[in-house]
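What follows is the residue order along each chain.
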Amino acid sequence: MQVTRTLRYRGFKWRAMGLLVLGRRDAARSLFEQMLAEFPGDDYALASKAQLQAQGGDRAGALATMKELLALHDQVGAHWFNYGFLLEEEGDYERAEAAFRRATEVSPQLDRAWYGLGLVLIRLQRLDEAVAALKRNTQLQPMSPYGWYQLARVHVERQEPEEARKIIRHLHRFEPKVANQLVRETGLSVEQAG
């Protein structure tokens, strides 16, 4: 019995992945509904359904599905990150902050949760906290320019041009395009940054 159930579950997942690869989102969403009828509360099906709802423009449905998912699976940092991302897109920065913080508590190594937290804190003009979150993001993901870029922008906003220059010098080593973009946007000269 368990083997049959496991095979049926895997069949749902493989068919859903195939439909998604083919771009058949509505059919995949319907399949996830069938999957949830047979496997209620399944985190893969709920997370996938929420993603498809968000991509299809049904933000309210996606948020409701994410709440359902988190009520059942609250120890998964990626679920909290996705919930925070949806809340941030809705402009609900306070609740997004709480979701990103929960993601970092549950999964402290989840670099994108630290990045999301940093972005929300920038929106809330809590720049000291944003610096801390973005520094943690860059520690976890040192070769990604996104955290470095945002961190430099925050330093400029805090009137800390030398800190921004340090980041631009650092970025010049592995992402010169992003470093040059920061030079253009901040007005910090290449000579000063180099």
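Just so it is clear, the model here is predicted, and its values are computed rather than measured.

Q: Before we move on, can you summarise the pattern of salt bridges with the specific residues and values?
A: Applying the stated criterion to the full structure yields 16 salt bridges. The salt bridge partner of Glu-105 is Arg-102, with a shortest N-O separation of 3.5 Å. Of this pair, Glu-105 and Arg-102 both sit in helix α6 (residues 93-106), 3 residues apart, which is roughly one turn of that helix. A residue is classified by how much of its surface remains accessible, and Glu-105, at 55% relative accessible area, is exposed. Salt bridges sharing common partners tie together Glu-97, Arg-101, Arg-126 and Glu-129.

Q: Any chance you could break down the packing of helix α1 (residues 2-21) against helix α2 (residues 25-38) for me, citing the residues and the numbers?
A: When two helices pack together, their arrangement is given by the angle between their axes and by how far apart the axes lie. One can describe the packing of α1 onto α2 by two numbers: an axis separation of 9 Å at closest approach and a directional angle of 165°. With respect to α2, the axis of α1 lies roughly antiparallel. For α1 against α2, the interelement crossing comes out left-handed. From α1, Arg-5, Arg-8, Tyr-9, Phe-12, Lys-13, Arg-15, Ala-16, Leu-19 and Leu-20 reach across to α2, where they touch Ala-27, Ala-28, Leu-31, Phe-32, Gln-34, Met-35 and Glu-38. Split by residue class, the contact of α1 with α2 holds 10 nonpolar, 1 polar and 5 charged.

Q: Before we move on, can you summarise the packing of aromatic side chains with the specific residues and values?
A: Any aromatic ring pair is given by two values, namely how distant the centres are and how the planes are angled relative to each other. Scanning all chains against the criterion turns up 6 aromatic pairs. Between Tyr-9 and Phe-39, the aromatic rings sit 5.1 Å apart at their centres with planes inclined by 80°, giving edge-to-face as the arrangement. Here Phe-39 lies in the loop between α2 and α3 (43-55) and Tyr-9 lies in helix α1, a separation of 30 residues in the sequence. Relative accessible area serves as the criterion here: at 8%, Phe-39 is assigned to the buried category. A connected cluster of aromatic rings, assembled from ring pairs, spans Tyr-9, Phe-12 and Phe-39. Taking the ring centre of Tyr-44 as reference, the NZ or CZ of Lys-13 above it sits at 4.5 Å. One cation-aromatic arrangement involves Arg-112 over Phe-81; the distance from NZ or CZ to the ring centre is 5.0 Å.

Calculation rules
Starting afresh in each chain, residues are numbered from 1 along the sequence in its written order. Only residues with pLDDT of 70 or above have their local features reported here, since the model is predicted, and side-chain atom pairs are shown and tallied only from 80 upward, although totals for entire chains, interfaces and linings are computed over all residues. The basis for every side-chain value is the complete set of non-hydrogen atoms in the structure, without hydrogens or water. Should a side-chain nitrogen of Lys or Arg be within 4 Å of a carboxyl oxygen of Asp or Glu, the pair is scored as a salt bridge. Each helix corresponds to a stretch of at least 4 residues labelled H or I by DSSP, and each strand to a stretch of at least 2 residues labelled E; elements are numbered beginning at the N terminus. Exposure classes here rest on a 1.4 Å probe applied to the protein chains alone. A residue is buried below 20% of its type maximum, exposed above 50%, and partly exposed in between. An axis is simply a line fitted to the C-alpha atoms; with a helix, the fit covers only the stretch in contact. Between two such axes, the angle follows the N-to-C directions and lies from 0 to 180 degrees. By definition in this entry, angles of less than 35 degrees are roughly parallel, angles greater than 145 are roughly antiparallel, angles of 65 to 115 are roughly perpendicular, and the rest are oblique. By convention the crossing between two helices is left-handed if the near helix lies anticlockwise of the far one by an angle smaller than a right angle, and right-handed if it lies clockwise. For this analysis, residues touch if any pair of their heavy atoms sits within 4.5 Å. Under this grouping Gly is polar, as are all residues other than the nonpolar Ala, Val, Leu, Ile, Met, Phe, Trp, Tyr, Cys and Pro and the charged Asp, Glu, Lys and Arg. Two aromatic rings, drawn from Phe, Tyr or Trp (for Trp, its six-membered ring), form a pair once their centres lie within 6.5 Å of each other, and the interplanar angle then sorts them: stacked below 30 degrees, edge-to-face above 60, tilted otherwise. For a Lys NZ or an Arg CZ to count as sitting over a ring, it must be within 6 Å of the ring centre and within 35 degrees of the ring normal.

Everything listed is a geometric property; what it means functionally is a separate question.
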